[in-house]
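# Understanding the architecture of this molecule
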Amino acid sequence: MTTDIDNQTRIEIEAAAFRALREHLMVKRADVQNIDMMNLAGFCRNCLSRWYQEAASARGIDMTKDEAREIYYGMPYESWKDANQSPASQEQQAAFNAAYEANVGPLKAE
């Protein structure tokens, strides 16, 4: 394993990997439902946008949840959701609630 990568190169590689993940989830596999990702993997596209927002905040950049989602999704979240997401079953929603609490924290009313 190459361990002598300088910090800037590491950052650029990590950014490229993030962009590839985003492209995969947004273009190649837009059919995969966020709720199924959350239930199976403990994260979804919304988590990625939240992590983006948290990284911006850590650097002193004010960004709302909706702004971060629009940056991640490339459009307002509701537009992407209307085009790509289907209603969740009761079973999916129950599994989501458990996965969210285990991976993110207590559910809050939005």
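Conventions and cut-offs
- Residues numbered from 1 in each chain as written.
- Predicted model: local features only at pLDDT ≥ 70, side-chain atom pairs only at ≥ 80, totals over all residues.
- Heavy atoms only, no water.
- Phe/Tyr/Trp six-rings, centres within 6.5 Å; stacked < 30°, edge-to-face > 60°.
- Buried < 20%, exposed > 50% of the residue type's maximum accessible area, 1.4 Å probe, protein only.
- Lys NZ or Arg CZ within 6 Å of the ring centre and 35° of its normal.
- Core = buried A, V, L, I, M, F, W, Y, C linked by side-chain atoms within 4.5 Å.
- Helix = DSSP H or I, 4+ residues; strand = E, 2+ residues; numbered from the N terminus.
- Contact = heavy atoms within 4.5 Å.
- Polar contact = N/O pair within 3.5 Å; in protein donor to acceptor, adjacent residues only side chain to side chain.
- Patch = residues over 30% accessible without salt bridge, like charges linked within 9 Å, V, L, I, M, F, W, Y side chains within 5 Å.
- Areas by Shrake-Rupley, 256 points an atom, 1.4 Å probe, with all protein chains shown as cover.
- Salt bridge = Lys/Arg side-chain N within 4 Å of Asp/Glu carboxyl O.
- Lys, Arg positive; Asp, Glu negative; His and termini not counted.
- Charge placed at Lys NZ, Arg CZ, Asp CG, Glu CD.

So, on to the packing of aromatic side chains. In this description, a pair of aromatic rings is defined by centroid distance and the angle of the planes. Under the defined criterion, the tally for this structure stands at six aromatic pairs. An angle of 85° between the planes, with centres 5.5 Å apart, marks the rings of Tyr72 and Tyr73 as edge-to-face. The class for Tyr73 is buried, based on a relative accessible area of 2%. Relative to Tyr77, the ring of Tyr73 has its centre 5.0 Å away and its plane inclined at 55°; by these criteria the two rings are tilted. Considered together, Tyr73 and Tyr77 belong to a single accessibility category, that of buried residues. In textbook terms, an aromatic cluster arises when at least three aromatic residues are bridged by ring pairs, as seen for Phe18, Tyr72, Tyr73, Tyr77 and Trp80. One Lys or Arg, Arg22, reaches over the ring of Tyr72 and ends 5.5 Å from the middle of that ring. For the cation-ring pair, Arg69 lies above Tyr77, with the distance from its terminal atom to the ring centre recorded as 4.4 Å.

Now for the nonpolar core. By size, the foremost hydrophobic cluster in this structure holds 15 residues, and its most contacted members are Leu25, Met26, Met38, Cys44, Tyr72, Tyr73 and Trp80. At the level of elements, helix H1 (7–28), helix H2 (34–41), helix H3 (45–58), helix H4 (65–73), helix H5 (77–84) and helix H6 (90–103) are the ones that each hand at least two residues to this core. Sorting elements by how many residues they give to this core places H2 first, with three residues. With residues near it in sequence (within four places) discarded, Tyr73 still touches Arg22, Met26, Asn34, Arg45, Asn46 and Trp80.

To continue, consider the side chain of Gln33. Along the chain, Gln33 turns up in the loop between H1 and H2. Look at Gln33 and you get buried, because its relative accessible area is 10%. A polar contact is formed between the side chain of Gln33 and the backbone oxygen of Asn84, at a distance of 3.1 Å. In this view, Gln33 contacts Arg45, Asn84, Gln85 and Ser86; residues no more than four positions away in its chain are not counted.

Our next topic: a negative patch on the surface. On the surface, Asp62, Asp66, Glu67, Glu70, Glu78 and Asp82 cluster together into a patch of negative charge. Sorting the residues of the negative patch by element identifies H4 and H5 as the ones contributing at least two each. Per-element tally for the negative patch: the top contributor is H4, with three residues. Relative to the helices and strands, Glu70 is located in helix H4.

On inspection of all chains with the given rule, the structure shows three salt bridges. We note a salt bridge from Arg10 to Glu14, for which the minimum N-O separation is 2.9 Å. Placement of both Arg10 and Glu14 in helix H1 is noted, with a separation of four residues, approximately one turn of the helix. Asp31 serves as the salt-bridge partner of Arg29, at 2.9 Å between the closest nitrogen and oxygen.

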